[in-house]
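Analysis of the macromolecular model
Listed here are the chains, written in short residue letters.
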Amino acid sequence: MVSMQDIADRVGISKATVSLVLNGKAGSRVSAATQKKVLEAAAELDYHINNVARSLRMGQSPFVGIVVTDISNEFFGKLTFHIQEEAKKHGFMVITVNTNESSSEFDDIVSMLISNQVAGIIAVPTNDSLATLSRIRMLGIPLVQIDRTVEGIDADYVGVDNYVGIRNAMKKLLAKGKRRCAMVSFDLDVNPIIDRQKGFKDALAEAGVLDPSLIKIIHYENQETGIPEAIEELSAAHPDLVFFSSRRAFTQSMAYLSTHHRRVPEATLLCFDNVESYRAVAPDIWFIDQPVKEMAEKSFQLLLERIKGRRETETAIFSPVCNSPE
């Protein structure tokens, strides 16, 4: 059986340093290059530890971690609530943490969860989170990716068909005569946003009405200035439909419009998430509804199966539903 000493001998460092890296406690004490060498050596030697599962079998570690990007987002709030409800049914308590779309925060949070010996983690990955997700699996901690997935990770995934969801919605709206179709989206390099952008563009390209000037991609970290600029430009361009690729893009835009007593003239609004509450102030809102409760229950079911020893990777893709005001 491969030991930490074997990894230390392979890399040419101390066993203590290997322990720091594999237990998520290296921080700034171990260089990034050395941490990378340790993880690569562990993978080459097929080293795995599962202290969490062992502690659970001994009646310890009744905690699971839930890592989301923005707990203030209603979608992630509901998702977390339903996972917590499902966890309680099986005697688990939940540690919920928020990354603010920061890969460094994501890594710090995972280190905290590892040090608290959680039984498993349900996570919404951030940009550039491959190394952190790899560390979770290297340590043998059960992992389920939800809403987003990172390729190359041996972990279950629960999500929706983002591409088909927006493409089908756009076909319905194009059939109603929409032609000047705009999009407001963030530049996040994650599969839901990428798939939604592609589905939107493909539907318009097929109809011969794709106008790149009406597509506004906003740097996530500069959204306070990027959203107002995009809305002002679209107000002057007079689109007949504006698609928001995420709830945050929609709510930030609506907040700006409300504060400045402005609106996109005569435009139908479409959001990839449930924003039904906004119909009181903007009746012509369409949204693509995601089955949040079902996604939450499925994610915990998969996590529990992993904790109990299932090794095969599973993927669950749900179909979102387009909701019109009609």
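Refer to the structure above for everything that follows.
Not measured: the values here are computed from a predicted model. (Residues numbered from 1 in each chain as written. Predicted model: local features only at pLDDT ≥ 70, side-chain atom pairs only at ≥ 80, totals over all residues. Heavy atoms only, no water.)

With respect to the overall build of the chain
Tallying secondary structure elements over the chain gives twelve helices and twelve strands in all. Whereas a compact globule of 326 residues would reach a radius of gyration of roughly 20 Å, the chain reaches 22 Å, a difference of no more than 12%. By its C-alpha atoms, the chain is 65 × 40 × 35 Å across when sized along the principal axes. Relative to its 326 residues, the chain shows a buried fraction of 52%. Considering only intrachain contacts with a sequence separation of at least 6, the fraction spanning at least 24 residues in the chain is 69%. When the accessible area of the chain is evaluated, it comes to approximately 14900 Å², of which 50% is carbon and sulfur surface. Taking the average place of the 36 positive charges on the side chains of the chain and the average place of its 42 negative ones, the gap between the two points comes to 3 Å. (Helix = DSSP H or I, 4+ residues; strand = E, 2+ residues; numbered from the N terminus. Rg over C-alpha atoms; globule rule 2.2 N^0.38 Å. Buried < 20%, exposed > 50% of the residue type's maximum accessible area, 1.4 Å probe, protein only. Contact = heavy atoms within 4.5 Å. Areas by Shrake-Rupley, 256 points an atom, 1.4 Å probe, with all protein chains shown as cover. Lys, Arg positive; Asp, Glu negative; His and termini not counted. Charge placed at Lys NZ, Arg CZ, Asp CG, Glu CD.)

Focus on the environment of leucine 79
By the secondary structure assignment, leucine 79 is in helix α5 (residues 74-89). You can call leucine 79 buried: its relative accessible area is 1%. Sequence spacing of leucine 79 and alanine 123 is 44 residues, and the spatial spacing of their C-alpha atoms is 11 Å. With sequence-adjacent residues up to four places away left out, leucine 79 is seen in contact with Ile146, Val292, Met295 and Ala296.

Side note on unusual backbone geometry
The phi angle at asparagine 100 is positive, at roughly 55°, despite the residue not being glycine. Tracing the backbone through its elements, the reader meets asparagine 100 in the loop between β2 (93-98) and α6 (103-115). A relative accessible area of 44% places asparagine 100 in the partly exposed class.

Topic: the side chain of serine 253
Mapped onto the elements of the fold, serine 253 is located in helix α11 (residues 247-259). Every residue in contact with serine 253, bar those within four places of it in the chain, is listed here: Val184, Ile227, Ile231 and Phe244.

Details of the packing of aromatic side chains
The tally for this structure, following the rule as stated, stands at six aromatic pairs. Ring geometry for phenylalanine 92 and phenylalanine 300: centres 5.9 Å apart, planes at 70°, overall edge-to-face. Highlighted residues: phenylalanine 92 in the loop between α5 and β2 and phenylalanine 300 in helix α12 (residues 292-307), separated in sequence by 208 residues. Residue phenylalanine 300 is classed as buried on the basis of its relative accessible area, which comes to 0%. Each ring, one from phenylalanine 244 and one from phenylalanine 250, has its centre 5.3 Å from the other, and the planes form 90°; the classification is edge-to-face. Relative accessible area serves as the criterion here: at 1%, phenylalanine 244 is assigned to the buried category. Classification of phenylalanine 250 by relative accessible area gives buried; the value is 0%. (Phe/Tyr/Trp six-rings, centres within 6.5 Å; stacked < 30°, edge-to-face > 60°.)

Interpretation note: all reported values are geometric properties and have no functional meaning in isolation.
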